[in-house]
Amino acid sequence: MRLYKDIFTGDEMFSDTFKIKLVDEVLYEVYGKLITRKQGNVQIEGFNPSAEEASEGVDEAVESGVDVVLNHNLHETYAFGDKKSFTAYLKEYMKKLIQKLEAESPDEVGVFKINTNKVMKDILGRFKDLQFFTGESMDIDGMVAMLEYRDIDGDSIPVLMFFKHGLEEEKV
């Protein structure tokens, strides 16, 4: 299994257990599912209910959401109230990515810039449909994943988007 971690924060963002598509060599699209799962029965040590009280158990904790978000402890952020604030974040984030790329793979910088501009123009056109998620540290200076719901074969599928060059793969 491979984990994909934010290069700036070290936060785990997703794993290869999900369907992944690479778009224009700069953006991973990770396809998730809406799920509801139980966190198990709550057992209180030393508690022994009588026969008539047995049916009055404690409610189980249930969590619902997108499996990628829940499995990797991503947190929704409301830092971007409008397209302008998100664009400002993207400019700063891309500047950091380009500096890192120039140091490690200078031959990829030109293609990265061209493809990123193309992909981001498309995504910014759908800004109002996006939700934003940070990693576990909730550090807004790291990667902010974008989530949108797409109609695929009549189903509404959650698709998270991550910048390829902002991730490092870790084989587990």
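- The name an unreviewed UniProt entry assigns to the protein is Translationally-controlled tumor protein homolog, from the organism Zootermopsis nevadensis.
- Taken verbatim from the UniProt record of the protein, the Sequence similarities (unreviewed entry) comment is "Belongs to the TCTP family."
- The UniProt entry for the protein carries the following comment under Function (unreviewed entry): "Involved in calcium binding and microtubule stabilization."

**Focus on the side chain of H72**
1) Next: Along the chain, the position of H72 falls in the loop between α1 (67-71) and β7 (75-77).
2) Next: Contacts of H72, omitting those with residues within four sequence positions, involve L3, E12, M13, F14, S15 and F18.

**Here's the deal with unusual backbone geometry**
1) Next: Even without glycine at this site, D24 takes up a positive phi of about 50 degrees.
2) Next: A relative accessible area of 29% means that D24 is categorised as partly exposed.
3) Next: A positive phi angle is found at E25, which is not glycine, with a value near 60 degrees.
4) Next: By secondary structure assignment, the location of E25 is in the loop between β3 (19-23) and β4 (27-31).
5) Next: On the basis of relative accessibility, which here comes to 45%, the residue E25 falls in the partly exposed class.

**As for the sheet that holds strand β1 (residues 2-6)**
1) Next: Taking strand neighbours across the sheet as the criterion, the three strands line up as β2-β1-β11 in an open arrangement whose pairing is antiparallel. On the outer flanks of this sheet lie β2 (12-15) and β11 (167-171), each paired with one strand and no other. Strand-to-strand twist in this sheet, taken as the mean axis angle between neighbours without regard to direction, amounts to 30 degrees.
2) Next: By the bridge criterion, five bridges tie β1 to β11 in an arrangement that is antiparallel. Each residue of the ladder has a partner; that of K5, found in β11, is E168.

**Considerations on the sheet that holds strand β8 (residues 131-134)**
1) Next: Across the sheet, which stays open at both edges, the six strands sit in the order β3-β4-β10-β9-β8-β7 with antiparallel pairing between neighbours. A strand with exactly one partner marks an edge of an open sheet, and here the two such strands are β3 and β7. Adjacent strand axes in the sheet meet at a mean angle of 35 degrees, parallel and antiparallel pairs treated alike.
2) Next: With three bridges connecting them, β7 and β8 associate as antiparallel partners. Looking at the pairing, T77 lines up with F132 of β8.
3) Next: Of the strands in this sheet, β8, β9 (145-152) and β10 (155-163) touch helix α2 (residues 83-104), which is tilted by about 45 degrees from β10.

**Examining the pairing of β10**
Every regular strand shows the same layout, with side chains that alternate between the two sheet faces.
1) Next: As defined by bridge partners, β4 adjoins β10 across five bridges and the pair is classed as antiparallel. Residue pairing for β10: L27 is matched across the bridge by F163.
2) Next: Where β9 and β10 come together, seven bridges link them in antiparallel fashion. Residue pairing in the sheet places Y149 in a bridge with P158 of β10.

Definitions and cut-offs
Residues numbered from 1 in each chain as written. Predicted model: local features only at pLDDT ≥ 70, side-chain atom pairs only at ≥ 80, totals over all residues. Heavy atoms only, no water. UniProt positions renumbered as here; feature names shortened; annotations may be inferred. Helix = DSSP H or I, 4+ residues; strand = E, 2+ residues; numbered from the N terminus. Contact = heavy atoms within 4.5 Å. Buried < 20%, exposed > 50% of the residue type's maximum accessible area, 1.4 Å probe, protein only. Pairing = 2+ DSSP bridges. Axes fitted to C-alpha atoms, helices over the stretch in contact; angles between N-to-C directions.

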